[in-house]
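Structural description and commentary
Chain by chain, the residues:
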Amino acid sequence: MTDNFTMPFAGGILDHVETQRSAEELQAFVAKPQARCICFHKGSPALRREGGLKRIHPSELIGRNLIDPGPIFLGLEGDAPIFAASIQNPTDVTIEELFQNLRSAARMLSPQDMALAGRAKSLLDWHFNHRFCSKCGQVSQPKEGGLKRQCPSCETEHFPRVNPVVIMLILSGDKVLLGRGAGWPEGAMSALAGFISPGESMEEAVARETFEEVGIRVKNPRYIFSQPWPWPSQLMMGVICDAESEDVTINKNELEDARWFTREEVQAVYDKSGEAFARLPRFTIAHHLLRHWLET
Ligand SMILES: [Zn+2]
């Protein structure tokens, strides 16, 4: 792994300025000439035709039909306040937005823009999906520029959630186990993954998910690195572990296929000299876990 490697969707440079979010302070940020807003429609960011996220001044949002929560304040990029908003109907606007699915756009965004878009998407999705107080059912309101929501009835505060997920390379000697879910693109194989359950450590989740999906007991889990994943808001924790056997019993409720691949087969996929499986997108942690394994 090179020293200057940045995990896709991580490495953002925003100062979240969580202590400067009074109504007066937010108004001052909005009014700054260098303030900018990135726009989304149905989870897709607006891009510039020449590439990169499109940034407009927040005043250009006036009169537009915005989806709850309206503009949220992501933080400061240098001295530029950065906001994000979800536009209901992109045909009613005058700027030249080009909304593109973030999975496709990821290939065309700088690491900084990817981190910005990922943070914005996760927060906008969370607000839209948590408009009602989970305690009493009243409509809740965004507070502090989108840092949280609060119920006006019972006053309960609700904070954005990040869901922990383990994603693991299971090794047996010089082989790695990869699987695929139903409906995946042809040839696609990836690391097994699953949500951590309440009351479970990361290591226990690795062992349980692996046994549930392929019937293999694992040992010696090693944490490698993690990735924020904005579909909708996961923290992917990359782990490498060792299998106690190579006998795969596929749980068809979880996986369509799972197979062992040799280091040579994986290396050939990365060198584009082999096609044992389809190469994973560079913006996925699974791509980087496999690359890490090949380099160690
Ligand atoms: Zn409430």
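Residue numbering note: each chain is counted from 1, following its sequence as written. In keeping with the predicted nature of the model, local features appear solely for residues at pLDDT of at least 70, side-chain atom pairs appear and are counted solely at 80 or more, and the whole-chain, interface and lining totals rest on all residues. To obtain the side-chain values, all non-hydrogen atoms of the structure were used and water was disregarded.

**Quick look at the overall build of the protein chain**
- Of regular secondary structure, the protein chain possesses six helices and 14 strands.
- Viewed in the frame of its principal axes, the protein chain has a C-alpha envelope of about 60 × 45 × 35 Å.
- Any residue under 20% of the maximum accessible area for its type is buried, any over 50% is exposed, and the rest in between are partly exposed; the area is computed with a 1.4 Å probe on protein chains only. Residues classed as buried in the protein chain amount to 47% of the 296 residues present.
- Contacts between residues were defined by any pair of non-hydrogen atoms, one from each residue, lying within 4.5 Å. In the protein chain, the share of contacts with a sequence separation of at least 24, taken over all contacts with a separation of at least 6, comes to 64%.
- Each accessible area is a Shrake-Rupley estimate made with a 1.4 Å probe; only the visible protein chains count as cover when residues are assessed. In the form shown here, the protein chain has an accessible surface area of approximately 14600 Å², with 49% of it arising from carbon and sulfur atoms. Starting at the N terminus, helices and strands are each numbered in turn, a helix being any DSSP run of H or I of at least four residues and a strand any DSSP run of E of at least two.

**So, the pattern of salt bridges**
- For salt bridges, the criterion is a side-chain nitrogen of Lys or Arg within 4 Å of an Asp or Glu carboxyl oxygen. Across all of its chains, the model carries 15 salt bridges by this definition.
- Arg-55 is the salt-bridge partner of Glu-77, the closest N and O atoms lying 2.7 Å from each other. A residue pair is termed long-range when its members are at least 10 positions apart, and Glu-77 in strand 4 (residues 72-77) and Arg-55 in strand 3 (residues 55-56) qualify at 22 residues.
- You can call Arg-55 partly exposed: its relative accessible area is 28%.
- Note that Asp-242 and Arg-222 form a salt bridge whose closest N and O atoms lie 2.9 Å from each other. Of this pair, Asp-242 sits in strand 13 (residues 234-243) while Arg-222 sits in strand 12 (residues 218-229); the two residues are 20 residues apart in sequence, bridging distant segments of the chain.
- Several salt bridges converge on common partners, so that one network encompasses Glu-200, Arg-208, Glu-209 and Glu-212.

**Digging into the nonpolar core**
- Core analysis: the biggest nonpolar cluster contains 48 residues, and Leu-74, Leu-169, Val-176, Val-266 and Leu-290 have the highest contact counts within it.
- What fixes the domain bounds is an automatic or database domain assignment. When residues of this core are assigned to domains, at least three map to each of domain 1 (23-130) and domain 2 (163-295).
- Each residue touching Val-176, except ones within four places of it in the same chain, is listed here: Leu-169, Ile-170, Leu-171, Arg-259, Trp-260, Phe-261, Val-266, Leu-290 and Trp-293. For this analysis, a nonpolar core means a set of buried residues of the types Ala, Val, Leu, Ile, Met, Phe, Trp, Tyr and Cys, connected via side-chain atoms within 4.5 Å.

**Describing the domain arrangement of the protein chain**
- For the protein chain, the assigned domains are domain 1 (23-130) and domain 2 (163-295).
- For domain 1 and domain 2, the distance between their C-alpha centroids amounts to 33 Å.
- Taken residue by residue, the interface counts nine residues in domain 1 and seven residues in domain 2.
- Both sides together, the interface formed by domain 1 and domain 2 hides about 680 Å², and carbon and sulfur atoms give 67% of it.
- Together, Arg-103, Lys-121 and Ser-122 form the three largest contributors to the area buried by domain 1 at its contact with domain 2, with a combined 60%.
- Counting the contacts that link domain 1 with domain 2 gives zero salt bridges.
- The term polar contact refers here to a pair of N or O atoms within 3.5 Å; inside protein, the definition further demands a hydrogen-donor-capable atom paired with an acceptor-capable atom, and it admits residues adjacent in sequence only when both atoms are side-chain atoms. Applying the counting criterion to the domain 1 and domain 2 interface returns two residue pairs in polar contact (both at pLDDT 80 or more).
- Ten residue types, Ala, Val, Leu, Ile, Met, Phe, Trp, Tyr, Cys and Pro, are classed as nonpolar, four, Asp, Glu, Lys and Arg, as charged, and the remainder, Gly among them, as polar. Here the residues of the side of domain 1 that touches domain 2 are counted per class, giving three nonpolar, two polar and four charged. Buried area, as used here, totals the accessible surface that two parts lose on assembly, with accessibility defined by a 1.4 Å probe and the loss added over both.

**Focus on the packing of aromatic side chains**
- Aromatic pairs are defined between Phe, Tyr and Trp rings, using the six-membered ring for Trp, whenever the two ring centres lie within 6.5 Å; interplanar angles under 30 degrees are classed as stacked, those over 60 as edge-to-face, and all others as tilted. Taken as a whole and judged by the stated rule, the model has 10 aromatic pairs.
- Plain terms: the ring middles of Phe-9 and Trp-229 are 5.9 Å apart, the flat faces sit at 85 degrees to each other, and that makes the pair edge-to-face. Of the two residues, Phe-9 sits in the segment before helix 1 (23-31) while Trp-229 sits in strand 12, which places them 220 residues apart along the sequence. Trp-229 carries the same exposure label as Phe-9, and that label is buried.
- A positively charged side chain is recorded as over a ring if its NZ (Lys) or CZ (Arg) lies within 6 Å of the ring centre. The angle to the ring normal must also be within 35 degrees. Seen from the ring of Phe-211, Arg-217 lies directly overhead, with NZ or CZ sitting 3.6 Å from the centre.
- It is Arg-279 that lies over the ring of Tyr-270; its NZ or CZ is 5.4 Å from the centre.

**Regarding the sheet that holds strand 7 (residues 148-150)**
- For two strands to pair, DSSP has to find at least two bridges joining them. Taking strand neighbours across the sheet as the criterion, the three strands line up as 6-7-8 in an open arrangement whose pairing is antiparallel. Sheet topology places strand 6 (141-143) and strand 8 (157-158) at the edges, where each strand pairs with a single neighbour.

**Observations regarding the side chain of Ser-122**
- Mapping Ser-122 onto the fold places it in helix 3 (residues 111-129).
- Reaching out from Ser-122, the side chain makes a polar contact with the backbone oxygen of Pro-232 at a distance of 2.8 Å.
- Aside from chain neighbours lying at most four places away, what touches Ser-122 is Pro-230, Pro-232 and Ser-233.

**A closer look at helix 4 (residues 202-214)**
- With 13 residues, helix 4 extends 18 Å from end C-alpha to end C-alpha; this agrees with the ideal 18 Å at 1.5 Å per step.
- When helix 4 is considered as a whole, its buried residues turn out to be Met-202, Ala-205, Val-206, Glu-209, Thr-210, Glu-213 and Val-214. All buried residues of helix 4 project into a common sector of 125 degrees when viewed along the axis, lining one side.
- Where the residues of helix 4 are buried, they touch strand 9 (163-172), strand 10 (175-180), strand 11 (192-195), strand 12, strand 13 and strand 14 (257-262).
- Backbone geometry just after helix 4 places Gly-215 at a positive phi near 70 degrees. Expected span of a helix, by definition, is 1.5 Å for each gap between consecutive residues, and there is one gap fewer than residues. This arc corresponds to the set of directions leading from the helix axis out to the C-beta atoms.

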